[in-house]
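Chain residues, written in single-letter form:
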Amino acid sequence: MKAVVFHEHGGLEHLRYEEMPDPVPGPDDVLVRVKACALNHLDIWIRQGIPAYKIPLPHISGADVSGIVEALGERVSGIARGQRVFVSPGISCWTCEQCLAGRDNLCPTYGLVGSKIHGGYAELVVVPARNVLSLPDTLTFAEGAAFPLVSVTAVHMLCALADVKPGEDVLIIAAGSGVGCMAIQLAKIIGARVITTVGAAEKIPKAKQLGADEVIHHSQEPVAARVKELTHGRGVDVVIEHVGPAVWDQCIRSLAKAGRLITCGATTGGEVMLNLRHLFSRQLTIRGSYMGTRAELVQAARFVEQGRMRAVIDRVFPLAQARDAQEHLLSRQFFGKIVLQSSNGGS
Ligand SMILES: [Zn+2]
């Protein structure tokens with residue numbers, strides 16, 4: 001098969017489109033012919049090499065996959081060859097206490113497709129059969145690859161961790177990011193008022209189209225001051241952020257008393273300043289989020305199937321141009337998901 005592989009960690013130049021042996025499914029696995037694979041920042045970190053993700057090389061990235069079932073391991077049932085599927089990115093043991101309690105993203109063995117195992121920057125991928133879910137007929141393969149990771153993240157952040165209530169004010173950082181697009185739509189389903197941020201004027205109408213009530217152009221006006229204006233000095237009940245140091249201070253300052261800040265991603269770095277006096281006197285809550293549970297993915301998929309949440313696709317690149325696709329992700333000049341499509345073709 002053709003795949004985009006890196007043999008050592010480093011810059012974009014290490015991504016190579018080349019021939020790799022076809023993967024063979026084990027007894028509990030499924031071989032999927034990849035139709036589409038969405039990019040995530042995880043792909044960048046794994047390529048660059050960070051201590052949190054130790055992976056054998058060479059490696060194939062790609063956590064968000066859709067495609068067609070090509071072959072089944074001997075113990076797999078309930079899935080048919082030729083079935084249109086999408087892949088749940090989270091891999092866990094399904095036997096430990098956390099998995100049995102439905103908190104599979106807290107499993108000690110938890111890992112992701114495209115980091116724990118080879119991912120979808122390829123014509124074929126092998127995943128555990130438990131990770132394969134039926135792709136709704138209404139979704140294209142590109143849409144099927146674009147929604148899983150960001151939608152499960154949004155559901156976990158807004159519902160499980162922030163417990164957003166109807167009528168609350170929610171600040172969602174970076175409307176144009178994959179998580180931002182999903183979080184805006186989900187917050188509106190819940191019935192919250194959504195304030196979001198963008199870094200370019202052309203993204204404002206796109207954010208409004210997704211349901212944002214107020215959009216702040218963060219390079220033209222300070223976010224926290226504008227949030228205070230929009231909330232009559234009170235601040236927001238919830239901040240959903242995945243950017244880190246570049247926005248942290250503004251996020252904390254945007255919170256109302258007893259506000260909740262949910263963070264993941266840290267795309268601009270891992271270290272921030274925190275004033276503990278501000279934290280305790282304003283009785284703030286900060287919670288870290290990582291992916292979401294399988295049940296939350298099923299819930300997200302239902303919203304997507306119903307058309308209440310949609311995967312926003314910025315641009316589709318051929319698999320062979322994965323390097324250009326990652327460069328586009330790093331440019332921040334996008335709105336929604338960036339998707340790779342292999343010459344397996346098809347929509
Ligand atoms: Zn487990």
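In what follows, the structure referred to is the one given above.
Fair warning: this is a prediction, and the values are worked out from it, not measured in the lab. (Residues numbered from 1 in each chain as written. Predicted model: local features only at pLDDT ≥ 70, side-chain atom pairs only at ≥ 80, totals over all residues. Heavy atoms only, no water.)

**A word on the pattern of salt bridges**
Taken as a whole and judged by the stated rule, the model has 13 salt bridges. Here Arg 234 and Asp 169 are joined by a salt bridge, their closest N and O atoms 4.0 Å apart. Residue Arg 234 is found in the loop between helix H7 (223-230) and strand S13 (236-241), and its partner Asp 169 is found in strand S10 (residues 169-172); the two are separated by 65 residues along the sequence. On the basis of relative accessibility, which here comes to 42%, the residue Arg 234 falls in the partly exposed class. If you follow the salt bridges from partner to partner, you end up with Asp 169, Arg 193, Arg 234 and Asp 237 in one network. (Salt bridge = Lys/Arg side-chain N within 4 Å of Asp/Glu carboxyl O. Helix = DSSP H or I, 4+ residues; strand = E, 2+ residues; numbered from the N terminus. Buried < 20%, exposed > 50% of the residue type's maximum accessible area, 1.4 Å probe, protein only.)

**Here we look at the nonpolar core**
In this structure, Tyr 121, Phe 147 and Ile 240 are the most contacted members of the largest nonpolar core, which totals 103 residues. Of the residues forming this core, the biggest block, 8 residues, is contributed by helix H4 (residues 148-161). In contact with Ile 240, not counting residues within four places along its chain, are Met 157, Leu 158, Ala 162, Val 170, Leu 171, Ile 172, Ile 173, Ala 183 and Ile 262. Of all hydrophobic cores here, the second largest spans 17 residues; its members include Ile 195, Val 223, Val 236 and Ile 252. (Core = buried A, V, L, I, M, F, W, Y, C linked by side-chain atoms within 4.5 Å. Contact = heavy atoms within 4.5 Å.)

**Concerning the coordination of the zinc ion**
Summarising the metal site, the zinc ion is bound by the protein donors Cys 93 (SG), Cys 96 (SG), Cys 99 (SG) and Cys 107 (SG), whose distances to it range over 2.3 Å. Between the 4 donor atoms coordinating the zinc ion, the angles at the centre fall across 106 to 116°, so the site counts as tetrahedral. If you list the donors of the zinc ion from N- to C-terminus, the spacing comes out as C-x2-C-x2-C-x7-C. With Cys 93 in the loop between strand S6 (90-91) and helix H2 (97-100) and Cys 107 in the loop between H2 and strand S7 (111-112), this residue pair connects regions lying 14 residues apart in the sequence. (Donors = N, O, S within 2.8 Å, 3.2 Å for Na, K, Ca; no water. Tetrahedral: all angles 85-135°; square planar, octahedral: opposite > 155°, others 65-115°.)

**Describing a nonpolar patch on the surface**
Taken together, the side chains of Leu 274, Leu 276 and Ile 286 present a nonpolar region at the surface, about 250 Å² in accessible area. Mapped onto the secondary structure, Leu 276 falls in helix H9 (residues 276-281). Here Leu 276 falls in the exposed class, since its relative accessible area comes to 55%. (Patch = residues over 30% accessible without salt bridge, like charges linked within 9 Å, V, L, I, M, F, W, Y side chains within 5 Å. Areas by Shrake-Rupley, 256 points an atom, 1.4 Å probe, with all protein chains shown as cover.)

**Quick notes on the sheet that holds strand S14 (residues 255-263)**
Spatially, 6 strands are ordered S12-S11-S10-S13-S14-S15 in an open sheet, and the strand pairing comes out parallel. At either end of the open sheet lies a strand with only one pairing partner, and these are strand S12 (214-217) and strand S15 (285-288). Strand-to-strand twist in this sheet, taken as the mean axis angle between neighbours without regard to direction, amounts to 20°. Sheet topology places S13 next to S14; 5 bridges connect them, and they run parallel. Among the inter-strand pairings, Val 239 is bridged to a residue of S14, identified as Leu 261. Packing against the sheet, H7 makes contact with S10, strand S11 (193-198), S12 and S13, and its axis sits at approximately 155° to S12. Strand contacts of helix H8 (residues 245-254): S10, S13, S14 and S15, with the helix running at about 140° to S14, the strand carrying the most contacts. (Pairing = 2+ DSSP bridges. Axes fitted to C-alpha atoms, helices over the stretch in contact; angles between N-to-C directions.)

**Topic: helix H1 (residues 41-48)**
What H1 keeps buried is the set Leu 42, Asp 43, Ile 44, Ile 46 and Arg 47. Downstream of H1 by one or two residues, Gly 49 has phi in the positive range, about 90°.

**Topic: the packing of aromatic side chains**
The relative placement of two aromatic rings is captured by the distance of their centres and the angle of their planes. According to the stated counting rule, one finds 2 aromatic pairs in the structure shown. Taken together, a centroid distance of 5.0 Å and an interplanar angle of 55° make the contact between Phe 86 and Phe 147 tilted. One end of the pair, Phe 86, is in strand S5 (residues 84-87); the other, Phe 147, is in the loop between helix H3 (141-146) and H4, with 61 residues separating them in the sequence. Of the two residues, Phe 86 and Phe 147, neither departs from the other in class, the shared state being buried. Geometrically, the ring pair formed by Tyr 110 and Tyr 290 is edge-to-face, given 6.1 Å between the ring centres and 80° between the ring planes. Placement of the pair is Tyr 110 in the loop between H2 and S7 and Tyr 290 in the loop between S15 and helix H10 (294-305), with a sequence separation of 180 residues. When the ring centre of Phe 141 is taken as reference, the NZ or CZ atom of Arg 84 above it lies at 4.7 Å. A cation over a ring is seen here: Lys 203 above Phe 334, with NZ or CZ 5.9 Å from the ring centre. (Phe/Tyr/Trp six-rings, centres within 6.5 Å; stacked < 30°, edge-to-face > 60°. Lys NZ or Arg CZ within 6 Å of the ring centre and 35° of its normal.)

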